[in-house]
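In case you want the letters, here they are:
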Amino acid sequence: MKEKRVAVIAGASSGIGRATAIHLARIGYAVSICARRSELIHEIADSIHKEGGKAFALKADMTDWKEAQNFIKSTVKELGSIDVLFNNVGAGIRFADFEDLTIEEINEGIAVNLTSVLYGCKAVLPVMKSQKSGHIINTSSILGKRARSGFSIYTAGKHGVEGFSRSLYNEVKKYGIKVSILSPAMVNTDWARKAGFDNPTAKGKIIEPEDIALVVQHLIELPDHITIWNVDVMALSQTLNPL
Ligand SMILES: NC(=O)c1ccc[n+]([C@@H]2O[C@H](COP(=O)([O-])OP(=O)(O)OC[C@H]3O[C@@H](n4cnc5c(N)ncnc54)[C@H](OP(=O)(O)O)[C@@H]3O)[C@@H](O)[C@H]2O)c1
């Protein structure tokens, strides 16, 4: 078992990020969390403190380079190092045909799903390089490998996350830094509701955010010399045809 260290979760005010922050804190990690909804991340940090855990919360929009960089720098100042960066920011924007999206929605969709990940990585790499260790996990989606009409920009952003992460993996492993892609199928969060997407095919027990937290724990607790660079998570109730 590895020594418990510092885990940063970008996009932690709800859903997968929130569940992962709470889980990692409960098993002994110091966690640093950000999102735009300041009150929610501070509530999460308070509840972690009440349970005896260590947490640092900072409001940050990860699509803004200065805020992303400040979040990472402030984390190092508060917690001393960064062993894990879980780049989990993302949103479906609006379920609609590409032609019906506004230019603002297109730009926002790429910023929130791809640029946020690029900025998180850019900000954390100097820290991890100087430590000669670190693990970056970038949240993609099944739509990072496949496509669904009505989610063209989300699909483009997540395909971008996958391609970028593969390049980065090869660039930074020589510094002892791991890069993993985490691609879940539908998870029981507010994500679909926010995008105005009512999924009529979801039947049975789907993935819970707490399930993803367990996957993240598994990834970051592997021995230093190996990694799982790509993980697709499905519930047994979910079917992808063709897989
Ligand atoms: N739910 C699914 O079915 C599913 C499936 C595959 C992949 N994913 C991916 O999983 C990740 C987490 O989604 P979720 O399902 O847990 O949905 P969620 O509850 O909506 O979580 C999204 C998180 O990202 C944060 N966020 C959004 N824009 C941000 C920004 N500009 N800067 C900082 N934080 C920002 C949100 O906080 P604020 O709004 O407070 O900023 C929230 O904490 C996303 O990348 C999503 O694409 C979800």
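As shown above, the structure is provided for reference.
Visitor: Explanation requested: empty space enclosed by the protein in the structure shown.
Guide: One way to see where empty space is left: roll a probe the size of a water molecule over the atoms. In this structure the tally under the stated criterion is one cavity of 30 Å³ or more. In this structure, the largest cavity encloses a volume near 40 Å³. In terms of lining residues, the largest cavity is bounded by Gly92, Ile93, Arg94, Ala96, Leu101, Glu105, Gly150, Phe151, Ser152, Ile153 and Tyr154. With three residues, helix 5 (residues 152-172) is the single largest residue contributor to the lining of the largest cavity. Taken together, the residues that form the lining of the largest cavity break down as six nonpolar, three polar and two charged.

Visitor: How should I be thinking about a positive patch on the surface in this particular structure?
Guide: Residues Arg36, Arg37, Lys59 and Lys194 make up a contiguous surface patch of positive charge. The residue Arg37 is located in the loop between strand 2 (30-35) and helix 2 (38-50) in this model. Judged by its relative accessible area of 34%, Arg37 is partly exposed.

Visitor: Would you mind going over the environment of Leu125 with me for this structure?
Guide: Here Leu125 is to be found in helix 4 (residues 103-131). Once the C-alpha coordinates of Leu125 and Val172 are considered, the two residues, 47 residues apart in sequence, prove to be 8.6 Å apart.

Visitor: How do you make sense of the site of the ligand when you look at a structure like this?
Guide: Around the ligand, the surrounding shell holds 29 residues, and the nearest of these are Ser14, Arg36, Tyr154, Thr189 and Lys194. One nitrogen or oxygen atom from the main chain of Met62 is found 2.9 Å from a nitrogen atom belonging to the ligand. Residue Lys194 places a side-chain N or O atom 2.6 Å away from an oxygen atom belonging to the ligand. For the ligand, whose free accessible area comes to 880 Å², the fraction covered by protein is 97%.

Visitor: Just checking my understanding: could you explain the packing of aromatic side chains for this structure?
Guide: Any pair of aromatic rings gets described here by the distance separating the centres and the angle formed by the planes. Per the stated rule, a full pass over the model turns up seven aromatic pairs. Note on Phe95 and Phe197: the rings are 4.8 Å apart at their centroids and 55° apart in plane angle, and the pair reads as tilted. Of the two residues, Phe95 sits in the loop between strand 4 (84-87) and helix 4 while Phe197 sits in the loop between helix 6 (191-194) and helix 7 (209-220), which places them 102 residues apart along the sequence. Phe95 gets classed as partly exposed once you look at its relative accessible area, which sits at 34%. Of the residues examined, Phe197 reaches a relative accessible area of 9% and is grouped as buried. Cluster of aromatic residues (ring-pair linked, three or more members): Phe95, Phe151, Tyr154, Trp191 and Phe197.

Visitor: So what exactly am I meant to see when it comes to the sheet that holds strand 1 (residues 6-10) here?
Guide: Picture the strands of a sheet paired through backbone hydrogen bonds; they go either parallel or antiparallel. Taken in spatial order, the seven strands make up an open sheet running 3-2-1-4-5-6-7, and their pairing is parallel. Since the sheet does not close on itself, it has two edges, and those belong to strand 3 (54-59) and strand 7 (230-233), each with one partner. On average, adjacent strands in this sheet sit at an angle of 15° to one another, irrespective of strand direction. Where strand 4 and strand 5 (residues 134-139) come together, four bridges link them in parallel fashion. Bridge pairing links Asn87 to Asn138 in strand 5. Lying on the sheet, helix 4 is in contact with strand 4, strand 5 and strand 6 (177-184); it crosses strand 4 at an angle near 175°.

Visitor: Please explain helix 4 as it appears in this structure.
Guide: Every α-helical turn comprises 3.6 residues, leaving residues that sit three or four positions apart pointing alike. Compared with an ideal rise of 1.5 Å per residue, which puts 29 residues at 42 Å, helix 4 spans 41 Å between its outermost C-alpha atoms and is within 8% of the ideal. Of all the bends in helix 4, the greatest measures close to 40° and is centred on Ala111. Lys132 sits one or two positions beyond helix 4 and adopts a positive phi of about 60°.

Visitor: What am I meant to see in the side chain of Lys158 here?
Guide: Residue placement: Lys158 occurs in helix 5. Those residues in contact with Lys158, other than ones at most four positions away along the chain, are Val89, Gly90, Asn113, Thr139, Ser140, Ser141, Leu143 and Gly144.

The rules behind these values
Residues numbered from 1 in each chain as written. Predicted model: local features only at pLDDT ≥ 70, side-chain atom pairs only at ≥ 80, totals over all residues. Heavy atoms only, no water. 1 Å grid on protein atoms, 1.4 Å probe; cavity = no way out; pocket = protein on both sides within 12 Å on 5 of 7 lines; lining within 4 Å. Points joined across faces, edges and corners; volume = space filled by probe spheres on them. Helix = DSSP H or I, 4+ residues; strand = E, 2+ residues; numbered from the N terminus. Nonpolar A, V, L, I, M, F, W, Y, C, P; charged D, E, K, R; others polar. Patch = residues over 30% accessible without salt bridge, like charges linked within 9 Å, V, L, I, M, F, W, Y side chains within 5 Å. Areas by Shrake-Rupley, 256 points an atom, 1.4 Å probe, with all protein chains shown as cover. Salt bridge = Lys/Arg side-chain N within 4 Å of Asp/Glu carboxyl O. Lys, Arg positive; Asp, Glu negative; His and termini not counted. Charge placed at Lys NZ, Arg CZ, Asp CG, Glu CD. Buried < 20%, exposed > 50% of the residue type's maximum accessible area, 1.4 Å probe, protein only. Near = heavy atom within 4 Å. Polar contact = N/O pair within 3.5 Å; in protein donor to acceptor, adjacent residues only side chain to side chain. Phe/Tyr/Trp six-rings, centres within 6.5 Å; stacked < 30°, edge-to-face > 60°. Pairing = 2+ DSSP bridges. Axes fitted to C-alpha atoms, helices over the stretch in contact; angles between N-to-C directions. Contact = heavy atoms within 4.5 Å. Expected span 1.5 Å × (residues − 1). Bend = angle between axes of the 7 residues up to and from the residue.

Remember that the coordinates give geometry; whether it matters functionally is a separate question.
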